[in-house]
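# Inside the fold
Listed below are the residues making up each chain.
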Amino acid sequence: MKNPLYITSHGILSRKDNTLYFINETDKKQIPIHAISEINCFGKVSLKSGASTFLMKEGIVVNFFNKYGFYEGSLYPKIKLNSGLVVVRQSEHYLDVKKRQYIAKEFVEGIKHNILKTMKYYSKKGKNLDEYIENIEKENIDGDIAQMMSCEGRIWNNFYQSFNVILRKFPFNKREIRPPIDEINSLLSFGNSLLYTTVLSELYQTYLHPSVSFLHEPSERRFSLSLDFADIFKPIIVDRTIFKLVNNNMLSKKHFTYDVGCLLNDKGKQIFISEYQKKLETTIMHQTLNKKVSYKYLIRLEGYKLIKHFLKDKQYESFKMWW
Amino acid sequence: MKKEDITGVMVQYYVLCKRELWFYIKQINMNYNNDDISIGKFLHETSYKREKKEIRLDNMVFDFIKRGEELVIFEIKKSSKLTIGAKYQLYFYLYNLKLIQTNIKGILVYPKERKKEEIFLTNEIIDEMEEIIKGILEVSNLNRPPIAKNQPYCKRCSFYELCMV
């Protein structure tokens, strides 16, 4: 199985013959090109032109993050999977208000369901979350995109407020993004950036166009379909990773730097990434495929489901945790 | 799509899976990560090295041919399992060529198994081919993919996840 490569140190990627090397001050490492699915650069990484063309040819997305762990951009290979029909139909579902609302609604339903499942898991473990669960349950997802967006906002708010009950340490009051003001905010920002790029790599393996989105506006600078998809999976991938890291004392204050805001340091990032990666590789039995699939693969399947919806093959239903 | 645009691959898909045919015509291809396809390609490149490969004629590509008293069209296959599609691909070539030359046959070769299978055009097959061509044109006009049916051979298909999810 192909796995993403995470580079947290500074260095240069270069190509000699058909081998990719990562060179830094102390080391020259070979990188097995056929064993990696994407490269995520958290350190200052330079790419020599030979390395870039090689990576593009092999269809490997390279994502760059700034020193705060925010996503900056990607080196995105030319699109190898191209079907005019899918892109035309995808745009049709954006332009038609009713069709767009159907998909957007499914996305929010998925978010709501997955957040509730996550909360109920902790509620069973004895955390008192009844009030928040009730608040979310009574949210009725309807209306136009703006109304659904604000509904989604309220769902997340309730979920975030419940963090103080779920988490054993690190108080968390309010989601603050730029810059993250406390430990939990910085973990959320870092985790969400990671998931965004994971989704982008999975979308690259489908025929969907990553810029044509339904809940978010496609006019956002980023590949906004990736934002749509990421939200559905945040509760089970990012938030569950954070709960584990914090409640099992795997992260402490020494893994953060406190400057203008609060950020994970290199060691902290490494711990987070390895746990995140484990989460992505966790497998579950799929109901209709009748085989085990990883959480990461679920993201791609979500893409397939949307394609089937566009092709009038099968109506889209968003991913809802069934276990 | 026109009758002249029909290729051997389309005939294969038509016989085995009309849904995959629809995707193929709409240029949606899921085969980019399939090992079986890579093996087949490798086998195609490494076997029968002395022959001139990939003879193109209109919309047909023959793996290789031999000319003597009769014309023989060869098709290389990885395994003798599930060759019905390949068989009809050859029938399709013979059918197209029957106006040019009458003395003609097809041979399916399985280099890995050191086996071969001869194929001749009969009147029944000619009728069947005409039906198939009509059917392919019908599928190409469908507005949505034909419904997925779960067959035993679906498991190894690279469309499996797309169809079943």
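Just above sits the structure.
Below: a short report on this structure.

Procedures and definitions
Residues numbered from 1 in each chain as written. Chains lettered and ligands numbered in written order. Predicted model: local features only at pLDDT ≥ 70, side-chain atom pairs only at ≥ 80, totals over all residues. Heavy atoms only, no water. Pairing = 2+ DSSP bridges. Helix = DSSP H or I, 4+ residues; strand = E, 2+ residues; numbered from the N terminus. Axes fitted to C-alpha atoms, helices over the stretch in contact; angles between N-to-C directions. 1 Å grid on protein atoms, 1.4 Å probe; cavity = no way out; pocket = protein on both sides within 12 Å on 5 of 7 lines; lining within 4 Å. Points joined across faces, edges and corners; volume = space filled by probe spheres on them. Nonpolar A, V, L, I, M, F, W, Y, C, P; charged D, E, K, R; others polar. Parallel < 35°, antiparallel > 145°, perpendicular 65-115°, else oblique. Left-handed = near helix turned anticlockwise from the far one by under 90°. Contact = heavy atoms within 4.5 Å. Buried area = accessible area lost by both parts, 1.4 Å probe. Salt bridge = Lys/Arg side-chain N within 4 Å of Asp/Glu carboxyl O. Disulfide = S-S within 2.5 Å. Buried < 20%, exposed > 50% of the residue type's maximum accessible area, 1.4 Å probe, protein only.

Let us look at the sheet that holds strand E8 (residues 71-75) of chain A. Residues and elements named next belong to chain A. Read from one edge of the open sheet, four strands run E1-E5-E7-E8, paired in mixed fashion. Where the open sheet ends on each side, the last strands, each with one partner, are strand E1 (3-7) and E8. Going from strand to strand, the sheet's axes swing by 20° on average, the running direction of each strand aside. Here four bridges tie strand E5 (residues 36-41) to strand E7 (residues 61-65), and the two strands are oriented parallel to one another. Paired with cysteine 41 across the strands is phenylalanine 64, a residue of E7.

Moving on: empty space enclosed by the protein. All names here are of chain A. Counted by the stated rule, this structure contains one cavity of 30 Å³ or more. Volume-wise, the largest cavity comes out at about 70 Å³. Contributing to the lining of the largest cavity are Lys67, Tyr68, Gly69, Phe70, Pro180, Ser186, Ser189, Phe190, Leu263, Leu264 and Lys269. Those elements that place two or more of their residues in the lining of the largest cavity are helix H6 (183-204) and strand E10 (262-264). Looking at the lining of the largest cavity element by element, the count peaks at three residues for H6. Grouping the constituent residues of the lining of the largest cavity by class yields six nonpolar, three polar and two charged.

In this section: the pairing of strand E3 (residues 64-67) of chain B. The side chains of a regular strand alternate between both faces of the sheet. All names here are of chain B. As defined by bridge partners, E3 adjoins strand E4 (residues 71-76) across four bridges and the pair is classed as antiparallel. Bridge pairing in E4 links lysine 66 to valine 72. If you look at the hairpin formed by E3 and E4, you'll find three residues sitting between the two strands.

All names here are of chain A. In the contact formed by helix H7 (residues 224-247) and helix H8 (residues 266-281), the axes pass within 10 Å of each other and the chain directions differ by 130°. Our classification of the angle between H7 and H8 gives oblique. As for the relative orientation of H7 and H8, their crossing is right-handed in sense. Along its contact with H7, which presents Ile236, Ile237, Arg240, Thr241, Ile242, Lys244 and Leu245, the element H8 presents Ile271, Phe272, Glu275, Tyr276, Lys279 and Leu280. Among the residues forming the contact of H7 with H8, the class breakdown is eight nonpolar, one polar and four charged.

Our next topic: the interface of chain A and chain B. Contact with chain A, which involves 23 residues of that partner, is made by 19 residues of chain B. Counting each side, the surface lost to burial between chain A and chain B is near 1900 Å², with a carbon and sulfur contribution of 55%. Where chain A packs against chain B, one counts two salt bridges. The salt bridge partner of B:Glu161 is A:Lys291, with a shortest N-O separation of 2.6 Å. When contributions to the side of chain A that touches chain B are tallied by element, the ones reaching two or more residues are helix H2 (84-95) and helix H9 (295-310) of chain A. In terms of residue count, the dominant contributor to the side of chain A that touches chain B is H9(A) (six residues). Here the residues of the side of chain A that touches chain B sort into nine nonpolar, five polar and nine charged.

With that settled, the discussion passes to the layout of surface pockets. Residue and element names in this part refer to chain A. Its volume calculated, the second largest pocket comes out at about 790 Å³. Lining the second largest pocket are 23 residues, with Ile177, Asn192, Arg222, Leu227 and Lys234 sitting closest to its centre. Breaking the lining of the second largest pocket down by element, the ones donating at least two residues are helix H5 (145-166), H6 and H7. By residue number, the principal contributor to the lining of the second largest pocket is H5, which donates six residues.

With that settled, the discussion passes to the state of the cysteines. Residues and elements named next belong to chain B. Throughout the structure, instances matching the rule amount to zero disulfides over all chains. The thiol sulfur of cysteine 17 is not disulfide-bonded, and the nearest other cysteine sulfur, from cysteine 163, lies at 6.2 Å. You can call cysteine 17 partly exposed: its relative accessible area is 25%.

Okay, the environment of B:Gly135 next. On the secondary structure map, B:Gly135 appears in helix H5 (residues 123-140). Residues B:Gly135 and B:Val11 lie 124 residues apart in sequence; the distance between their C-alpha atoms is 9.6 Å.

Attention shifts here to the sheet that holds strand E6 (residues 45-47) of chain A. Hydrogen bonds between backbone groups are what pair the strands of a sheet, and the pairing can be parallel or antiparallel. Residue and element names in this part refer to chain A. Taken together, the four strands give an open sheet; going across it, the order is E4-E3-E2-E6, and neighbouring strands pair in mixed fashion. Because the sheet does not close on itself, it has two edges, and the strands there are strand E4 (28-31) and E6. Each neighbouring strand pair of the sheet contributes to a mean axis angle of 30°, computed without reference to strand direction. Sheet analysis places strand E2 (residues 11-16) next to strand E3 (residues 19-23), joined by five bridges and oriented antiparallel. Along E3, the bridge assignment pairs isoleucine 12 with isoleucine 23. Here helix H1 (residues 49-57) sits on the sheet and contacts E2, E3 and E6; the angle it forms with E2, its principal contact strand, is near 70°.

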